Amino acid sequence: PLLLLVLMSLIIWWQIGKHRLKNKKKRGLAAEDARYYRGPALCIHTIILFFLLQELLYWLMPNYTIERSLIKLTIGFLACYLAYRGYRKQPTDLSRFVLIALIICTIADITINYSMIAALVIYGVAEALLAYYFFKQDHPERWQWILWLFSCALSAVIILISPGLRTAVALSMTLYSFALSGFLVLSLSMPKRIRNGAILLVVSNLLVFINETNAQTLLIHVLSLGLYYLAVCCMAFSTRFKGPALGKTANESAAPAAVQS
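All residue numbers here refer to positions counted from 1 along the written sequence of the relevant chain. Per-residue local features are limited, in this predicted model, to residues with pLDDT of at least 70; the limit for side-chain atom pairs, both in listing and counting, is 80 or more; totals at the level of whole chains, interfaces and linings are taken over all residues. Water and hydrogen atoms play no part in the side-chain values, which are based on all heavy atoms of the structure.

1. Points about the environment of glutamate 212
- Here a helix means four or more residues in a row that DSSP labels H or I, a strand means two or more in a row labelled E, and each is numbered from the N terminus. Among the structural elements, glutamate 212 can be located in helix H8 (residues 192-213).
- The spacing of glutamate 212 and serine 162 is 50 residues in sequence and 10.0 Å in space, taken between C-alpha atoms.
- Pairs of residues are marked as contacts when any of their non-hydrogen atoms sit within 4.5 Å. When near neighbours in sequence (up to four residues on either side) are disregarded, glutamate 212 contacts Met116, Leu165 and Met173.

As structure tokens, then:
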């Protein structure tokens, strides 16, 4: 049933994509001989399918950690593939940093099955790496510094006073929250998909924190992991993935050739 549901959604998505490309051709915004590339939609829906399978394994067969790790590795590979295609077509510093960060996040996503503290350290490295790039590209303004300090102080207080957390986990969560807050604050001046991915990642982490400090519930676990993979997909698409565009647009074809000096 999961496979049929995802397959039906994929076919609908493909039809919507072809229809949008057809409309762009009519308005002269796309090449006349451009083709709709199905790769991104296929990757996204495969990620959705493996995410649903992983949740079934988590709740029905919790001891199958190796199988869940392989599923997470597959999801990470697909997300990194999207980021790599974007980097190969437009090799910018942003796409390179995003690709490296997604590879690190894939390692962290597998590690979390075995050690929460180690996973937090690895996630923190990925977010600190992107925060460093954002800082280098666009130095933060005063309000961003204030927002970062406030969010660091607030998250540290909430984590340290929360019951049910071991000291080592609480300290690692506190340090991790500093990197996550910096990543979020610095991403506010970045492109929309980067910004959306950072916001989704923060919401996902808040849900994980709720599950760690309270009794785990199926809904919160599914939402937290689903939002995390959605954030990963947003980051992968931020590398400006573009399918093959052949020839000239309709407007370019109709226009006379430009004279260059």
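2. Things to note about the pattern of salt bridges
- The salt bridge criterion pairs a side-chain nitrogen of Lys or Arg with a carboxyl oxygen of Asp or Glu, the two atoms within 4 Å. Taken as a whole, this structure holds 2 salt bridges when the rule is applied.
- Taking the shortest distance from any N to any O, the salt bridge between aspartate 109 and lysine 72 comes out at 3.5 Å. With aspartate 109 in helix H4 (residues 93-111) and lysine 72 in helix H3 (residues 65-89), this residue pair connects regions lying 37 residues apart in the sequence.
- Each residue is assigned to one of three classes by its accessible area relative to the maximum for its type, calculated with a 1.4 Å probe on protein chains only: buried under 20%, partly exposed between the two thresholds, exposed over 50%. A relative accessible area of 5% places aspartate 109 in the buried class.
- With a closest N to O distance of 2.8 Å, arginine 96 and aspartate 93 form a salt bridge. Placement of the pair is arginine 96 and aspartate 93 together in helix H4, with a separation of 3 residues, close to one helical turn.
- For arginine 96, a relative accessible area of 33% translates into the label partly exposed.
- Judged by relative accessible area, which is 35%, aspartate 93 ranks as partly exposed.

3. Considering the confidence of the model for the chain
- Summary of the metric used: pLDDT quantifies the predictor's per-residue confidence within the range 0 to 100. When pLDDT is averaged along the chain, the result is 84, and 91% of the positions lie at 70 or above.
- Of all helices and strands in the chain, the one with the weakest mean pLDDT is helix H10 (residues 250-254) (40), whereas H4 scores best (92).
- A low-confidence stretch, residues 243-261 (pLDDT under 50), is modelled with 23 contacts involving residues beyond four sequence positions or located in other chains.

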